[in-house]
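Residue strings, one per chain:
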Amino acid sequence: MKAARTPRRAVAAADRTRQPTEVRRRLIVEAAVPLIAERGYASVGVRDVAAAAGVSVGTVTYHFGSVQEILSEAMVLHIERYYAALSEAAVHATSGAEALRLLIDALFTEDTDRHWRMWFDYWSAGDQEPDQAFARGQAARYEAWYSQIRALVERGVADGELVCEDLDGFTVRFAALADGLALQRLRQAPPLSTEDARRHLNRLVEAELGAGR
């Protein structure tokens, strides 16, 4: 009679070789992004992240103090990538007015529903997270978003295509309308298409900045 063999756990390549801490942390965070997009921020645990990253739970807990820390970094990574892509598209526009139109087009597509879902999850998580660093991170994300909107309008004004007497006020209203439309788009109450979401934002730009006249 053969002795029972102890099952061997598959060891991921990431665990078989020593890697710098920042590389291992990045691997774990990268694995968390699609999990959040698929399940939502509150439904992802340490074991889920470990399985997706191909590492042990111990490896995850060694590099991160909590699942909130992992998910926070994953959200930041996703958001920074998302807005970096928007910025790159705007840079290649021929004018500030065109860049603003491209921004609106990019904010609402069939593919951006995932981004908006993660964005709202990120803000909801902040209400339950006592760490002030989390709140500062959220503030930094929104400041960067405001700065991006403002820079495009300033560019359009400098081009002579846009007129803006209240740059700060317009930036607040644009961001608030975008957030509100995104939430309505996700909830579909009442139904809102990507085309209609774009149309509402473009109307704000036309009414306040004179674009399209």
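Because the structure is predicted, anything quoted here is derived from the model rather than measured. (Residues numbered from 1 in each chain as written. Predicted model: local features only at pLDDT ≥ 70, side-chain atom pairs only at ≥ 80, totals over all residues. Heavy atoms only, no water.)

Draft legend 1. Region of interest: the overall build of the protein. When helices and strands are tallied, the protein shows ten helices and zero strands. In sequence order, the secondary structure elements of the protein are arranged as α-α-α-α-α-α-α-α-α-α. Residues classed as buried in the protein amount to 41% of the 213 residues present. Taking all contacts inside the protein whose residues are at least 6 apart in sequence as the whole, residues at least 24 apart take part in 68%. Within the structure as shown, the protein displays about 12000 Å² of accessible surface, and the carbon and sulfur contribution to it stands at 51%. (Helix = DSSP H or I, 4+ residues; strand = E, 2+ residues; numbered from the N terminus. Buried < 20%, exposed > 50% of the residue type's maximum accessible area, 1.4 Å probe, protein only. Contact = heavy atoms within 4.5 Å. Areas by Shrake-Rupley, 256 points an atom, 1.4 Å probe, with all protein chains shown as cover.)

Draft legend 2. Structural detail: the side chain of Arg185. Within the secondary structure, Arg185 is located in helix α9 (residues 167-187). Side-chain polar atoms of Arg185 contact the side chain of Glu110, separated by 3.0 Å. Excluding its chain neighbours within four sequence positions, the residues that come into contact with Arg185 are Glu110, Asp113, Leu192, Ser193 and Thr194. (Polar contact = N/O pair within 3.5 Å; in protein donor to acceptor, adjacent residues only side chain to side chain.)

Draft legend 3. Region of interest: the environment of Phe108. By the element assignment, Phe108 lies in the loop between α6 (96-107) and α7 (113-126). Between the alpha carbons of Phe108 and Asp196 there is a distance of 9.3 Å; along the sequence they are 88 residues apart. With sequence-adjacent residues up to four places away left out, Phe108 is seen in contact with Trp116, Ala178, Leu181, Ala182, Thr194, Ala197, Arg198 and Leu201.

Draft legend 4. The arrangement of the side chain of His115 in detail. Position of His115 among the secondary structure elements: in helix α7. Here His78 takes part through its side chain, which lies 3.1 Å from a polar atom of the side chain of His115.

Draft legend 5. Focus on the packing of aromatic side chains. Enumeration over the complete set of coordinates arrives at eight aromatic pairs. Feature note: the residues Tyr82, Tyr83, Trp119, Tyr142, Trp145 and Tyr146 constitute an aromatic cluster, connected by ring pairs. (Phe/Tyr/Trp six-rings, centres within 6.5 Å; stacked < 30°, edge-to-face > 60°.)

Draft legend 6. Structural view of the nonpolar core. Core analysis: the largest hydrophobic core is formed by 62 residues, its most contacted members being Leu100, Leu107, Trp145 and Phe174. Where this core is concerned, the elements lending two or more residues are α2 (21-39), α3 (46-53), α5 (67-91), α6, α7, α8 (132-159), α9 and α10 (194-209). Sort the elements by how many residues they give to this core and α5 lands first, with twelve residues. Apart from the residues lying within four places of it in its own chain, the contact partners of Leu100 are Leu152, Val153, Leu162, Phe174, Val205 and Leu209. (Core = buried A, V, L, I, M, F, W, Y, C linked by side-chain atoms within 4.5 Å.)

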